[in-house]
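Single-letter residue listing:
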Amino acid sequence: MCFKNLPIQFDEQGNASLIDGAPNPWAYETRELMPLEDPAGQAKLKNLMERNGHIRRVDFDPVTRVAGALAFHTVVDLENRKVLETDSMATLFRGYEVILKGRDPRDAIYISSRACGVCGGVHSACSALALEMAFGVAPPPLGIVARNLLSALEYLYDHPLHLFLLAGPDYSEPAVRATNPELWSRAEDARCENQAVHGFSTMAELMTAMTPLTGSLYAEALHMTRVAREAYVLIGGKYPHPQTIVPGGLSATIDLSDLNEIGLRIGKFFDYGQKVVGIWNDLCDFFYEANPQYREIGRRPKNMIETGQWDDPDLYDGTFANMDAWGRARWAPPGVIVDGELRTTSMTQLNMGLEEFVEHSFYEDWTKGNGNGNGHSRFPTDELGNPLSRTTPGTRRPSRRPRGPTGRTSTPGRPPRGGTAWRWRPGRTPACGPAPSPRTTGTRASSTRRATRCASTCRAPACRAPSSSGRSPRTGAPSSATAAAPTRSPTPR
Amino acid sequence: MASATENGRVRLETVPHAGAVFGVDATPAGVGGLGGTVGGPLEEVHVFWLAGMSCDGCSIAVTGATNPSVEDLLAGAIPGVPRVVLHHPVLSVGAGTAFTRPLHAAADGTLGHPYVIVVEGSIPDDQALPDDGSYYSAMGAGGLDPESDTDQPVRVTSWVAALAPGAAAAIAIGTCATWGGIPAAAGNPTGSMSLMDFLGKDYTSALGVPVVNIPGCAPVGDNFTETVAAVLMFLQGIGPLPEFDELGRPAWLFGETVHRHCVRAGYYEEGVFAKEFGDQECLVDVGCWGPVVQCNITERGAINHMGGCMVAGGPCIGCTMPGFPDKFAPFYKAPPGSTLSGGIARTYGAGIRRLRRMSMRSLDTTLIWDNAGEIPSPWGVERSKPTVAANVSKLFYKRLQYNGSVDQGKRLKSQPLPESRDILSREKGKG
C-alpha cells in the first residue's frame, strides 16, 4: 500500500484509519546534519581550510536563472574534487501565510498570486479552487473551460522562458567555449539529426543561436513568451497576477474576437513546439554522446507527487466528497510515485499523506504550544473522517518565529532550509545519485543547475548530507534553524 | 543636489559622487542635458537589478515590454541610447562571485561606468535585526567585503544602501518597491517598506534625482522600459528630463485615472453596471476602483497593447496606488463611494441612454431606406413607426444640426430612388 511510512491503515472497503496502538502516531524526529558527518565537523572543517589551500569555500550565491532566491554555500576539496560540505537555502522570507491571516478569504486570490510572478497565475487559480470548496460553489462548465484555457496558456509562456532564457544559456556557444572548449570543436563537426525540423545543420550553429541576447533562438523564445502572454491577458487581464480569476471560473467577458485572437496565437505554437522538441533532442543527444555521465546527472529515486491540472467541465464540482472522482478526471491526473512505483491516484489519499515541517523555516511550528495551534490538532480528520497529520498543510496557522534576544535561539534571519518532508517514502532512505565531478560535467553552469534541481526538490535527508547548515559564521554557534531532517519514528504496525 | 545653470545644463562639479558615476572626467560636456562625459557620449550604462521582498513579477513584466523591448535596450539597438549592461539575479548568465563582482566594484566606485539601480520588491526591516547573519532577503555570500572569508549572506538592503548614493538614478519598479505593496500590508512579519521609506526624504542619486517610482503589481512592462529609455536619453544629453509627479511617478503614464481610458467607462456614463462576473458593463458594482486609481493599463494594455484588467473583465483593485492593498480591501466589495456617484450616474444615465437610443434609431438607416420607407434586410428588422414625439424632436434635432449648413438628407431626397433596387424581384416580375 502507499502508506508504508505513514501510521495509516485501510480496511477492506478502503476506509482509512490510524494504525492501532501508536501512542503518538504523527511524531517524527529531527536530526542535525553535521559537516563531515561529525559532531565536531565544523571545527574540523575550519581547521582543514586553514591548513590546506585546496580546501576552499565556493559559493553559488545567488544562483541565477532560477525563479526565486536560491543559494548554495559549499566547502570544496579542489584537489580531490570532493564537496565536503554544502548548504542550500532560500534567501527570501516574506511571510505570505501570515499576511493572509485576518483578511476576507476572497482576497486570497489576489494576495496569494503575488507570492510568485514567474508562475504568475497559478496561485490565484489555486486560491479560487480552495474557495469553491469552502463555499460550495460549483462553477459552470464554461467557467471551467475558460480557466483551463488560461492555465494552458501559462504553460506556453513558461516553457520557452525556461528552455531558452533560463536553462538555455548553459548550452550556448559562449558557455560551452568557456567551460568545455573540447566540446566546441566537437560541436562544429556534429550534424543535427533534426535539421529538417529546426534548420540548424551543426550543433555549433545551434549553440550559437542559443546565445543570450544575440542568439536567434533566445530572441525567438523571448518573443514567443510574449505571444503566449498576449493570449493570456486577453482573458486574464494581465500577467503576472491576473485580474479575472474568481471562484466559479473567470470574470472575463469572452467573445468570438477573444477566442479568435487566442486561437491564432496558440496556433503559432504548433510549429514552434515541434522545433523546440527537435532542438532539445539534438542538444541532449550531443551531450550524452560527448559524455555518457551526463545521463547520471540528477539520477535519484523517482519520487513524485502531482495534484493534477485541468478539470473536466462535466465532472468537477469542487466538493471534497467527490474529489477522487473529479481529480482522476483531470486531463493531467493526480498521483503519487514512490521509488518509481505508482502508489495512488486518489486526491483524498494524497491529501492524507501531505505534511509540512517548519524546522528549517522562519515559521513557528503551529502544532506546538506557542505556534498558535496550542498543541492541538485543528483537524484530526478530513471531511470524510480520514486521519490527518497535525502538520498537514491545510491546517496550518503560521506565525512568525519570534526573535530571541540574541537573534540566535530563533534566528529569524537564518535562511529557511528544507520544508515539506516526505513521508511517502518506503522504509529505506533514498539516496541521491552520484554527483558528477566537475571534470566530467559539461559546462560549469550546467552542473550547477543540475545540482540545484536535485537539492531543491529532493527532501531526503541523504540528499542534504553532508551538510552542516547550522553554522553562524560570526558567532560560530549553531542556530536552531539548522538542518534538522525530519525522520519517522518507528511506528508499530 | 544638481543645480541648473543658465543654459539649462547641470553642473556636475556640484554633484556629490559624480566622479563615481562618470569617472575622473566628470565635467559637463555634450550637446545638452548632462551630455555624457568629456570623452564623448556614454557607451554603456550598468543596471543593477536588486530584488528585495519580491516575486520576480516585475522582471517578468519587463520581459513582456515591446516599446522598447528589453533586448533592444540590452543590445544597444536604440539610436542615441547607451547600451544597458544588466546585472539581474534571475536573467544574468553568471552566478555566485561572477555575479557579485561588478556589484562590489560599483559599491567601491571602481566600476568605471555610470550605473543605475533598479529595486524590485519591498525593503524589509532586516537592518534592524541582529548582525549575526540574519536577513529576510539576501544575495551574495561573504559580506560587502569581497575578500571576506565568511559565507555570511549579504542583505539586499545592504546592497541598496551601498549602491544608492553612487547611482546615476535609483528606480523603484512595482508597487512593492515604490510604496511597500503586499509584503508591507497589515500583519506582515517583516516590517517591510518602500524604497523611498528606506532611503529617506533627503535621498537623491549622484545626479540629484530622487527615487523614480514605476508602480503596478505587476507594472506594465513598457511603462518601465519607456521610462528607462527616456532617462538614458536625458543622461546622454539628447532628451529632456522626463516629467515626474510629486511621488516620482512618470507623469505622462500615471497622470490619468484608469477609468478615463477604460473601454467600459461609457457604461458608467449611461448608468449601466455589471451585476455579476462576466457581464460586459462597468465593473464598479463588482468591486472596481478604477475611477480613483492612477494607472494606464486600459490605454496601453498589459502586453503589446493586448488585455488590461477591465478590458478583460477584471475589476481594478488599485494595485498601482500607495494605498494598495489594505485601502482597497476587501477587494470584492463595491467601493462605498460608488453608491453615491454610481447612483447619480444611474439617474442621469437613464435619460442620456434614452436620448441616445432615439438618435441611434434615426442613424441606423440609410437615406435611401428613409426615402423608400422600407429596410431591405431579411434579418428580421421590424420597426414601429416613429411616434409623434419622436418626429417632433427629430425636427428640432435637424434644425440644430443643419443650422448654417446644408441638410444632405434633403438633397438626396430630391434625387430619384435607384431604379435597380430589388433587382431579383423585378426580374421575376418581368419573366
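Only a predicted model underlies this, so the values are computations on that prediction, with no experimental measurement involved. (Residues numbered from 1 in each chain as written. Chains lettered and ligands numbered in written order. Predicted model: local features only at pLDDT ≥ 70, side-chain atom pairs only at ≥ 80, totals over all residues.)

Enquirer: Explain the overall build of chain A to me, using residue names and the numbers behind them.
Expert: Counting secondary structure elements, chain A contains 15 helices and twelve strands. Buried residues in chain A amount to 46% of all 493 residues. (Helix = DSSP H or I, 4+ residues; strand = E, 2+ residues; numbered from the N terminus. Buried ≥ 20, exposed ≤ 12 C-beta atoms within 10 Å, placed from the backbone.)

Enquirer: Lay out the overall build of chain B in plain terms, naming residues and giving numbers.
Expert: Counting its regular elements, chain B contains 17 helices and seven strands. Counting across all 431 residues of chain B, residues that qualify as buried make up 48%. Across chain B, every contact between residues at least 6 apart in sequence was considered, and the portion connecting residues at least 24 apart equals 69%. (Contact = placed C-beta atoms within 7 Å.)

Enquirer: Account for the packing of helix α5 (residues 141-166) of chain A against helix α10 (residues 216-236) of chain A, with residues named and values stated.
Expert: All names here are of chain A. At a closest axis distance of 8 Å, the pairing of α5 and α10 adopts a crossing angle of 165°. Between α5 and α10, the angle falls in the class roughly antiparallel. At the point where α5 passes α10, the crossing takes the left-handed sense. Facing Ala146, Leu150, Leu153, Glu154, Leu156, Tyr157, Pro160, Leu161, Leu163, Phe164 and Leu165 of α5, the residues of α10 in contact are Leu217, Tyr218, Ala221, Leu222, Met224, Thr225, Ala228, Arg229, Ala231, Tyr232, Ile235 and Gly236. Grouping the amino acids of the contact of α5 with α10 by side-chain chemistry returns 19 nonpolar, two polar and two charged. (Axes fitted to C-alpha atoms, helices over the stretch in contact; angles between N-to-C directions. Parallel < 35°, antiparallel > 145°, perpendicular 65-115°, else oblique. Left-handed = near helix turned anticlockwise from the far one by under 90°. Nonpolar A, V, L, I, M, F, W, Y, C, P; charged D, E, K, R; others polar.)

Enquirer: Any details on the sheet that holds strand β4 (residues 55-60) of chain A? Residues and values, ideally.
Expert: All names here are of chain A. Pairing in this open sheet of three strands is antiparallel, and the strands run β4-β5-β6 from one edge to the other. Two strands bound the open sheet, and with one partner strand each, they are β4 and β6 (82-90). Ignoring strand direction, the axes of neighbouring strands in this sheet form an average angle of 15°. The pairing of strand β5 (residues 70-77) with β6 spans eight bridges and is antiparallel. Bridging across to β6, valine 75 finds its partner in glutamate 85. (Pairing = 2+ DSSP bridges.)

Enquirer: Describe in detail unusual backbone geometry, supporting the description with residues and values.
Expert: Residue and element names in this part refer to chain B. In this structure, the amide linkage connecting asparagine 67 to the following residue, proline 68, adopts the cis form with an omega of -5°. Here proline 68 lies in the loop between α2 (57-63) and α3 (70-75). Cysteine 217 connects to alanine 218 through a cis peptide bond whose omega is -10°. Relative to the helices and strands, alanine 218 resides in the loop between β7 (212-214) and α8 (221-236).

Enquirer: So what's going on with the pairing of strand β11 (residues 341-344) of chain A? Residues and values would help.
Expert: All names here are of chain A. Direction of pairing for strand β10 (residues 335-338) relative to β11: antiparallel, over a ladder of three bridges. Its bridge partner being in β11, valine 336 is matched across the sheet by threonine 344. Turn length for the β10-β11 hairpin, with the two strands adjacent in sequence and antiparallel, is two residues, and the turn residue aspartate 339 shows positive phi of about 55°.

Enquirer: An account of the sheet that holds strand β6 (residues 169-173) of chain B is requested, with residue identities and associated values reported.
Expert: Residue and element names in this part refer to chain B. Pairing is parallel in the open sheet, where five strands are placed in the order β2-β1-β3-β6-β7. Taken across any chain shown, the strands that pair with only one partner, and hence form the sheet edges, are β2 (83-87) and β7. Going from strand to strand, the sheet's axes swing by 25° on average, the running direction of each strand aside. Sheet analysis places strand β1 (residues 44-51) next to β2, joined by five bridges and oriented parallel. In the strand pairing of β2, histidine 46 is matched with valine 85. Across the sheet, helix α5 (residues 156-163) touches β1 and β3 (115-120), and the angle it forms with β1 is around 150°.

Enquirer: Give a description of the environment of leucine 163 of chain A that names residues and reports values.
Expert: Residue and element names in this part refer to chain A. Structurally, leucine 163 can be placed in helix α5. Linking leucine 163 and tyrosine 218, residues 55 residues apart in sequence, is a C-alpha distance of 9.3 Å. Once residues lying within four places of it in the same chain are set aside, the contact partners of leucine 163 are Gly168, Ala221, Val276 and Trp280.

Enquirer: Give me the environment of arginine 147 of chain A: which residues, what numbers.
Expert: Residues and elements named next belong to chain A. Inspection of the secondary structure puts arginine 147 in helix α5. Sequence separation of arginine 147 and methionine 347 is 200 residues, and the distance between their C-alpha atoms is 20 Å. Non-local contacts of arginine 147, meaning those with residues more than four positions away in its chain, are made with Ala125, Gly249 and Leu250.

Enquirer: Tell me what's going on with the interface of chain A and chain B, and back it up with residues and numbers.
Expert: Interface size is often expressed as the accessible area that is lost when the parts come together. Each partner contributes to the interface: chain A provides 73 residues, whereas chain B provides 70 residues. Put simply, the parts of the chain that give the side of chain A that touches chain B at least two residues each are β4, β5, α2 (96-100), α3 (108-113), α10 and α14 (444-457) of chain A. Element by element, the count of residues in the side of chain A that touches chain B is highest for α10 of chain A, at ten residues. Residue classes in the side of chain A that touches chain B are distributed as 32 nonpolar, 22 polar and 19 charged.

Enquirer: Describe in detail the packing of α10 of chain A against helix α11 (residues 256-290) of chain A, supporting the description with residues and values.
Expert: Residues and elements named next belong to chain A. Running from N to C, α10 and α11 point in directions that differ by 155°, and their axes come no closer than 9 Å. Judged by the angle between their axes, α10 and α11 are roughly antiparallel. Note that α10 runs across α11; the crossing there is left-handed. Here α10 contributes Met224, Val227, Ala228, Glu230, Ala231, Leu234 and Ile235 to the contact with α11, which in turn contributes Asp258, Glu261, Ile262, Arg265, Ile266, Lys268 and Tyr272. Considering only residue class, the contact of α10 with α11 consists of nine nonpolar, no polar and five charged.

Enquirer: Would you mind going over the environment of glycine 180 of chain B in detail, with residue names and values included?
Expert: Residues and elements named next belong to chain B. For glycine 180, the position within the fold is in the loop between α6 (174-179) and α7 (195-199). Under the C-beta neighbour-count criterion, glycine 180 is labelled buried, with 24 such atoms within 10 Å. As for glycine 180 and alanine 164, which are separated by 16 residues in sequence, their C-alpha atoms are 18 Å apart. Look past the residues within four positions of glycine 180 in its chain and what remains in contact with it is Ser122, Ser192, Met193 and Ser194.

Enquirer: Please set out the pairing of β3 of chain B residue by residue, giving values where relevant.
Expert: Residue and element names in this part refer to chain B. Summarising burial for β3: six of the six residues are buried, a large majority. Burial along β3 is two-sided: Tyr115, Ile117 and Val119 facing one way and Val116, Val118 and Glu120 facing the other are all buried. With six bridges connecting them, β1 and β3 associate as parallel partners. For phenylalanine 48, the partnering residue across the bridge sits in β3 and is isoleucine 117.

Enquirer: Help me get a handle on the confidence of the model for chain A, residues and values and all.
Expert: Residue and element names in this part refer to chain A. Averaged over every residue, the pLDDT of chain A is 78; the share at 70 or more is 76%. Per-element confidence in chain A is highest for helix α9 (residues 203-209), whose mean pLDDT is 97, and lowest for α14, whose mean pLDDT is 30. Across residues 402-493, where pLDDT falls below 50, the model places 238 contacts with residues more than four positions away in sequence or in other chains. (pLDDT = per-residue confidence, 0-100.)

Enquirer: An account of the nonpolar core is needed here, citing residue identities and associated values.
Expert: Among the nonpolar cores identified, the biggest contains 185 residues, and Tyr115, Val116, Ile117, Ala167, Ala169 and Leu195 of chain B are the most heavily contacted of them. Counting residues per element, this core draws most heavily on α10 of chain A, at eleven residues. Non-local contacts of tyrosine 115 of chain B, meaning those with residues more than four positions away in its chain, are made with Val45, His46, Val47, Phe48, Ala106, Ala167 and Ala168 of chain B. (Core = buried A, V, L, I, M, F, W, Y, C linked by C-beta atoms within 7 Å.)

Enquirer: Run through α11 of chain A, naming residues and quoting values.
Expert: Structural remark: α-helix, 3.6 residues per turn; residues separated by three or four positions point the same way. Residues and elements named next belong to chain A. Between its first and last C-alpha, α11 extends 51 Å over 35 residues, near the 51 Å set by a 1.5 Å rise per residue. Aspartate 271 marks where α11 bends most, by close to 30°. In this fold, the buried residues of α11 make contact with α5, α7 (181-189), α8 (195-198), α9 and α10. (Expected span 1.5 Å × (residues − 1). Bend = angle between axes of the 7 residues up to and from the residue.)

Enquirer: So what about α10 of chain A? Which residues, and what values?
Expert: Residues and elements named next belong to chain A. Taking 1.5 Å per residue as the helical rise, α10 with its 21 residues ought to reach 30 Å, and the 29 Å between its terminal C-alpha atoms agrees with that figure. When you tally the buried positions in α10, you get 16 out of 21 residues, the bulk of the element. At the exit of α10 stands glycine 237, carrying a positive phi of roughly 90°.

Enquirer: Describe in detail the confidence of the model for chain B, supporting the description with residues and values.
Expert: Residues and elements named next belong to chain B. Chain-level pLDDT for chain B is 87 on average; 89% of the residues reach the 70-or-more range. Of all secondary-structure elements in chain B, the lowest mean pLDDT belongs to helix α1 (residues 18-22), at 47, while α6 reaches the highest, 98. Contacts from residues 1-20, a stretch scored under 50 in pLDDT, to residues over four places away or in other chains number 35 contacts. This stretch, residues 23-35, has a pLDDT under 50; its non-local contacts, to residues over four places away or in other chains, come to 38 contacts. Here the prediction assigns the complex a pTM of 0.85, and the interface score ipTM is 0.90.

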